[in-house]
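Observations on the model geometry
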Amino acid sequence: MDEMAQLNLLRAEVPRPAPTDLRAEEERLLAEIAAPGSERLDGSGRPRRFEWPTGRVRFRPVVVTGVAGGLAAAAVAGVALTGVHSRGPGSSYLPQAVPVAVVQTLGHAADAASRQRELHPRPGQFLVFESQTMESTDSNSKEHGHSRYLSRAKRTIWLPVSGRATGGVLVEKGLPPKQYGNWPIPPEARQEVGTTGPTRAADFDYRAEYLRNDYAYLSRLPADPKGMRAHLYTQLKPGTAQGDLEAWSRVGGMLSEAYMPAAQRAALFRAAATIPGAEAVGSAEDAAGRTGVAVARVEPTAGERTEYIFDRRTYTFLGQRTVVVDAKKAQAPVGTVTESTAQLSVRVADSAPAVKNG
């Protein structure tokens, strides 16, 4: 099989980018390449919009020398070139290839952030998130032995604008469970159906300061992709398997049951596109059954792929899911959804419900 045929198989599930989109990416890249030095500014003195920090080649079936050849390869192979600067003295600009569909999806999501309705919560208030979740759960009983199933719920959680999750309140409605792979659903799984709460959202929250996701903290994060990427890699080593995997996971932690200003949200999406190993998924479904497009990254040791799903039209964040890509490692058929969320709404409230029994 020749290299182009292999490439077509690799991108079979990714929507083919329109020529106008590819041309727009090419024009941005040419502008980046033409700008000298690492401080590439626009006419108003602000950093240019398409400034991407260090990444890694995702696709390499087409080998073309030179910048012009690289742009031609981008149009044919479905990859885009993003700027990378070496860190030593006299550093220079180096083009780097990433999947165009990843850059497009996250770029559209970043652009959409400024068009979406903005919330302005104040200290002392709560952000209220309504969502639907599904996650794999293990069950062990004397009567039925070991089993695994998918527990499902609708959640409403009140989280303080500033502070730890221990100050939050949760109301949860258990939904009928679903089967996980070939495991039978144990009888005790159906006992989870019904409403619980209001309860404390968390009994403890020992996250490090840089892993906080309350609005007060997120609103102080960098509003540019380079600074946001540096935040994602706090105490991690970029370019390592564990570092890149954890950075990708942190993106999800800043999206689900979390809210930040549009500027930080846009920076997060653009920074996420620079994490090595990111790929595009042409169609994905969140926990509420809504379909969209997704960007994803595979965790090889678990045999699963973590996806962040966006509305196909508005590019609003819908939710995330985890899908089996290695049946042996995940102990479930390929394509099985092991975890899923759907963010249904976000609003601001002056207070939270009183917690039952304390």
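Residues numbered from 1 in each chain as written. Predicted model: local features only at pLDDT ≥ 70, side-chain atom pairs only at ≥ 80, totals over all residues. Heavy atoms only, no water.

Another aspect to go through is helix α7 (residues 241-253). Helix length check: α7 (13 residues) gives 19 Å between terminal C-alpha atoms against 18 Å at 1.5 Å per residue, within 8%. Here α7 has its buried residues at G243, D244, L245, A247, W248, R250, V251 and G252. At its buried positions, α7 is contacted by α6 (225-232), α8 (262-272), β8 (291-299), β9 (304-311) and β10 (317-324). (Helix = DSSP H or I, 4+ residues; strand = E, 2+ residues; numbered from the N terminus. Expected span 1.5 Å × (residues − 1). Buried < 20%, exposed > 50% of the residue type's maximum accessible area, 1.4 Å probe, protein only. Contact = heavy atoms within 4.5 Å.)

Attention now goes to the packing of aromatic side chains. Going through the model one piece at a time under the given rule, you end up with five aromatic pairs. Considering the side-chain rings of Y215 and Y259, the 6.2 Å spacing of their centres and the 20° angle between planes classify their relative orientation as stacked. Of this pair, Y215 sits in helix α5 (residues 215-218) while Y259 sits in the loop between α7 and α8, placing them 44 residues apart in sequence. Residue classification places Y215 among the buried residues on the basis of a relative accessible area of 13%. Residue classification places Y259 among the buried residues on the basis of a relative accessible area of 9%. Ring plane angle 25° and centroid distance 5.0 Å describe the contact between W248 and Y308, whose orientation is recorded as stacked. (Phe/Tyr/Trp six-rings, centres within 6.5 Å; stacked < 30°, edge-to-face > 60°.)

What follows covers the packing of helix α4 (residues 100-113) against α8. When two helices pack together, their arrangement is given by the angle between the helix axes and the distance between those axes. Their axes nearest at 8 Å, the elements α4 and α8 cross at an angle of 175°. In terms of orientation, α4 and α8 fall into the roughly antiparallel class. Contact residues: L106, G107, A109, A110, D111 and A113 in α4; A262, R265, A266, F269, R270 and A272 in α8. (Axes fitted to C-alpha atoms, helices over the stretch in contact; angles between N-to-C directions. Parallel < 35°, antiparallel > 145°, perpendicular 65-115°, else oblique.)

Okay, the sheet that holds strand β7 (residues 279-285) next. Spatially, β6-β5-β4-β3-β11-β10-β9-β8-β7 is the arrangement adopted by the nine strands of the open sheet, whose pairing is antiparallel. Every other strand in the sheet has two partners, leaving β6 (194-200) and β7 as the edge strands with one partner each. For this sheet, the mean angle separating the axes of adjacent strands, direction not counted, is 25°. Of the pairings in the sheet, the one linking β10 to strand β11 (residues 337-349) comprises three bridges and is antiparallel in character. If you follow V323 over to β11, its bridge partner there is V337. Seen against the sheet, α4 touches β7, β8 and β9 and runs at an angle of roughly 125° to β8. Packed on one face of the sheet, α7 meets β8, β9 and β10 and runs near 150° to β8. (Pairing = 2+ DSSP bridges.)

Without other data, these values stay purely geometric and don't point to any function.
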